[in-house]
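Tertiary structure, described
In case you want the letters, here they are:
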Amino acid sequence: MKKKGIFSMLLVLFLLVAAGCGNDKGEGDTKKDDDVVKEEGASGKLVIYTGRDESVVEKVVGMFNEKYPDIQVDNLTMGAQQILERVRGEKANPQADFWWGGTQSAMMVAADEDLLMPFKPSFDEAIAADYKDAEGRWYGEMLLPEVIMINSDVLTPETGPQDWDDLLKPEWKDKIVIRGVLASGTMRTIYSSMIYRQGADDPEKGYEWLKGLDANTKDYAQDPTNLYLKLVRQEGTVSLWNLQDILLQSKLNNQPFDYIYPKSGAPILVDAVGIVKDAKNEANAKLFYEFLFDPEVRAELAEELYQIPTRSDIAKEDMPDWYQDLDLKALDIDWEVMADKEAEWMEHWDSNIKGKGK
């Protein structure tokens, strides 16, 4: 009995000590648990659907993984419209976490269809209202002026088409190659803008304008890579494209490309990002969101990848030389109208105009 009593007392003491240690450990683990949450937020996977150029993706993901080496980033590259269609098709079981690179028109449609998650990031106040969704479902990452692209081995900024209407002149017949329109957010924006500038209330004038462009277009390239090849081979000497990708191809890849900023102004596309609703790796998507908009990251991407940031708190004098001389004259466009009408206009173009102007 004495042995049993001693054993019981020892057992009670052991349990009391264990409970005390457990409480101490629990208090200590509150901090550790917080760290674990942070560690879990900085590990695992991140699935990105992106319309970005391959060189941009490689650069940015590399920078991100320097900061978050334990996050496995999987990228799937496609056109902005293709991303919208894929995210729409996967709504019941989302496969992507982050949508990186979409026109504001595509993002507005996605937001209206409840495909994007509301999120108010730390940089919210640094983004103008015109460059973000009022409910935080998307934010514009950068501005993309849509300009006239030329083969610089054949043309100069002085000898190429100086404005949009010049593209319809006889001297440019069979000199123009265009990236396939329907799959490309950039091209849908340019073509819709050309309709809008002729009068959004009655698109017929815009359709006539696009018929004239189609008559001068030699070929439609299936993707950006194919477009670049056609221009390099001089299958065409003129195209329509976004300023950033032209500079990337010219400066980083030594391609014979240059640009002409249209005299009447350019559609300045807000290239945006957002978190896919019900993303499986939401925490990592938020980390990538914050990383993309970090002022130091934005400055580096402007310097090395020719990006024009939407953040209003980055001084112009801190931007690189190429940006200093840029006059961002914008076409006056109601982007909500564009978002509402784009699908209708582009379907009409595809069914009734494309390839019929010869």
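Residues numbered from 1 in each chain as written. Predicted model: local features only at pLDDT ≥ 70, side-chain atom pairs only at ≥ 80, totals over all residues. Heavy atoms only, no water.

1. Focus: the packing of helix α2 (residues 54-67) against helix α9 (residues 282-292)
Remark: α2 packs on α9, axes separated minimally by 11 Å, with the N-to-C direction vectors making an angle of 110°. When the axes of α2 and α9 are compared, the pair comes out roughly perpendicular. In terms of crossing hand, the pair formed by α2 and α9 is right-handed. Across the interface between the two elements, V60, M63, F64 and K67 of α2 pack against N284, L287, F288, F291 and L292 of α9. By residue class, the composition of the contact of α2 with α9 is 7 nonpolar, 1 polar and 1 charged. (Axes fitted to C-alpha atoms, helices over the stretch in contact; angles between N-to-C directions. Helix = DSSP H or I, 4+ residues; strand = E, 2+ residues; numbered from the N terminus. Parallel < 35°, antiparallel > 145°, perpendicular 65-115°, else oblique. Left-handed = near helix turned anticlockwise from the far one by under 90°. Contact = heavy atoms within 4.5 Å. Nonpolar A, V, L, I, M, F, W, Y, C, P; charged D, E, K, R; others polar.)

2. Some words on the packing of aromatic side chains
Per the counting criterion, the structure on display carries 17 aromatic pairs. Considering the side-chain rings of Y220 and W349, the 5.7 Å spacing of their centres and the 70° angle between planes classify their relative orientation as edge-to-face. Here Y220 is found in strand β6 (residues 217-221), whereas its partner W349 is found in helix α12 (residues 335-352), with 129 residues between them in sequence. On the basis of relative accessible area, Y220 is assigned to the buried category, the value being 18%. Residue W349 is classed as buried on the basis of its relative accessible area, which comes to 1%. An aromatic cluster of at least three residues, connected via ring pairs, comprises F64, Y68, F98, W100, F119, F123, Y139, F288, Y289, F291 and F293. Across the ring face of Y220, the terminal group of K354 is positioned such that the distance to the ring centre comes to 5.5 Å. (Phe/Tyr/Trp six-rings, centres within 6.5 Å; stacked < 30°, edge-to-face > 60°. Buried < 20%, exposed > 50% of the residue type's maximum accessible area, 1.4 Å probe, protein only. Lys NZ or Arg CZ within 6 Å of the ring centre and 35° of its normal.)

3. Notes on the environment of G355
Note on placement: G355 falls in the segment after α12. Every residue in contact with G355, bar those within four places of it in the chain, is listed here: D214 and Y220.

4. Details of α2
For α2, which comprises 14 residues, the first-to-last C-alpha distance of 20 Å matches the rise-based estimate of 20 Å (1.5 Å per residue) to within 8%. Along α2, the residues that are buried comprise V56, V57, V60, V61, M63 and F64. One side of α2 carries all its buried residues, which in axial view fall inside an arc of 155°. In α2, the exposed positions that point more than 90 degrees away from the buried face belong to E54, E58 and E66. The secondary structure elements touched by the buried residues of α2 are β1 (43-50), β2 (70-77), β3 (98-102), α8 (243-252), α9 and α10 (295-305). (Expected span 1.5 Å × (residues − 1). Arc of directions from axis to C-beta.)

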